[in-house]
Amino acid sequence: MELRWLDSFVVVAEELHFARAADRLHLAPSALSAQVRSLESHLGVRLIDRGRRTRPALTGAGRLFLEEARLTLAQAARAEAVGRRAGRGELGHAEIGYVASAAYSGVLTDVLTRCSASDTHLTLQVRELETPAQLEALSCGDIDVGFLRWRPEYPAGVTTSCLLTEEVVLALPDGAPLAAYEAVPASELRNERFVAPHFDEEYGCRDQILEVAEQGNFTPQCAPGVRDFIAALTLVGGGLAVALVPDSLRRVRIPGVAYRPLANVALTTRLVGAYRRGETSPAVRGVIRRLREAAAVTTAAD
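Worth saying up front: this structure is predicted, and the values here are computed from it rather than measured. (Residues numbered from 1 in each chain as written. Predicted model: local features only at pLDDT ≥ 70, side-chain atom pairs only at ≥ 80, totals over all residues. Heavy atoms only, no water.)

Enquirer: Whenever I open this one, the side chain of E279 confuses me. Can you help?
Expert: Examined against the element boundaries, E279 turns out to sit in the loop between strand 11 (268–276) and helix 9 (282–301). Residue E279 is classed as buried on the basis of its relative accessible area, which comes to 14%. Among the polar contacts listed, one links the side chain of E279 to the side chain of R276, at a separation of 3.2 Å. Polar side-chain contacts of E279 include one of 3.1 Å to the backbone nitrogen of S281. If near-sequence neighbours (up to four positions away) are discounted, E279 is found in contact with V284, R285 and I288. (Helix = DSSP H or I, 4+ residues; strand = E, 2+ residues; numbered from the N terminus. Buried < 20%, exposed > 50% of the residue type's maximum accessible area, 1.4 Å probe, protein only. Polar contact = N/O pair within 3.5 Å; in protein donor to acceptor, adjacent residues only side chain to side chain. Contact = heavy atoms within 4.5 Å.)

Enquirer: Even after reading the chapter, I still don't get a nonpolar patch on the surface, so can you show me in this structure?
Expert: On the surface, M1, L43 and V45 cluster together to form a nonpolar patch covering roughly 240 Å² of accessible area. Here M1 shows up in the segment before helix 1 (3–15). (Patch = residues over 30% accessible without salt bridge, like charges linked within 9 Å, V, L, I, M, F, W, Y side chains within 5 Å. Areas by Shrake-Rupley, 256 points an atom, 1.4 Å probe, with all protein chains shown as cover. Salt bridge = Lys/Arg side-chain N within 4 Å of Asp/Glu carboxyl O.)

Enquirer: How should the pairing of strand 5 (residues 145–149) be read in this particular structure?
Expert: Each regular strand shows side chains that alternate between the opposite faces of the sheet. When you tally the buried positions in strand 5, you get five out of five residues, the bulk of the element. Burial along strand 5 is two-sided: the residues V145, F147 and R149 and G146 and L148 are all buried. Two strands pair when backbone bridges link them, and strand 5 and strand 11 are joined in this way by five bridges, in the antiparallel orientation. Pairing of L148 across the sheet is with V272, part of strand 11. (Pairing = 2+ DSSP bridges.)

Enquirer: Is there a simple way to think about the packing of helix 1 against helix 2 (residues 18–25) in this case?
Expert: Between helix 1 and helix 2, the shortest axis-to-axis distance is 8 Å and the interhelical angle comes to 130°. In terms of orientation, helix 1 and helix 2 fall into the oblique class. Between helix 1 and helix 2 the crossing geometry is right-handed. Between helix 1 and helix 2, the contacting residues are D7, S8, V11, V12, E14 and E15 on the first element and F18, R20, A21, R24 and L25 on the second. Partitioned by chemical class, the residues of the contact of helix 1 with helix 2 number five nonpolar, one polar and five charged. (Axes fitted to C-alpha atoms, helices over the stretch in contact; angles between N-to-C directions. Parallel < 35°, antiparallel > 145°, perpendicular 65-115°, else oblique. Left-handed = near helix turned anticlockwise from the far one by under 90°. Nonpolar A, V, L, I, M, F, W, Y, C, P; charged D, E, K, R; others polar.)

Enquirer: Before we go on, may I ask you to explain the packing of helix 1 against helix 3 (residues 29–43) in this structure?
Expert: If you want to describe how two helices pack, look at the angle between their axes and the distance between the axes. Viewed as axis vectors pointing N to C, helix 1 and helix 3 meet at an angle of 110°, and their least axial separation amounts to 9 Å. In this view, helix 1 runs roughly perpendicular relative to helix 3, as classed from their interaxial angle. Note that helix 1 runs across helix 3; the crossing there is left-handed. Contacts between helix 1 and helix 3 involve R4, W5, L6, S8, F9 and V12 from the first element and L32, Q35, V36, S38, L39 and H42 from the second. Taken together, the residues of the contact of helix 1 with helix 3 sort by class into seven nonpolar, four polar and one charged.

Okay, structure coming up:
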């Protein structure tokens, strides 16, 4: 049974006039009549009485069938709409990972807001993961999109878009003498212990600490690594260390922590969106498209 047969039957049932129904459907009356006959033949029942001197009329079977035909056409239209929207990435599910510091940058919430626009019905599962765990999860398919700190290399098949480049600032105890500086010279940090996320020892934080130490002409003292920047700030608030952190972490109000720029070292860090190259899921491609839109806005602002 073809949907066009149902459509033709419904229009004839509404008009009870083959010529007018044919005009609505942009068909020749003979073609319309042939479609209705095909439907009746398929069902094995007459649906419309075609009087020679009277207007066509629905049979008892035709009246019963009309409501079901309308429901079937409506459901088919809904199915088509869902399929088209899913194909455009407006429907579906995606798993997103993010580092804790991304939550304070505003970029993550920007992308999530774009994904929750009124014309989309994406279901997003969001969870915090360290950068190495995100890269592993992307590679094995446990997550679809990651918000993480830049790396010089990524697993095969994973690509990135830069979402934000921000200044690195010094987090220090607010009661420390260094807090009196508007901008802290590198040389004043020679007696401080630096704390950093342990997973970042090979990239980013470690290199930044070494750069500050080189500029200040000292060998850095490092505290044992911690899980993430929030844990590092907790140690800073307790007076146990200082930390080099992304500027967006100024939004984190942990008691006892002050933030100051560095006076003579210009350090930056990048937040990137990571995803699989050649992604096939329309829903995930929809998230990636919105991620790229957010990246373009940030790049233009810079």
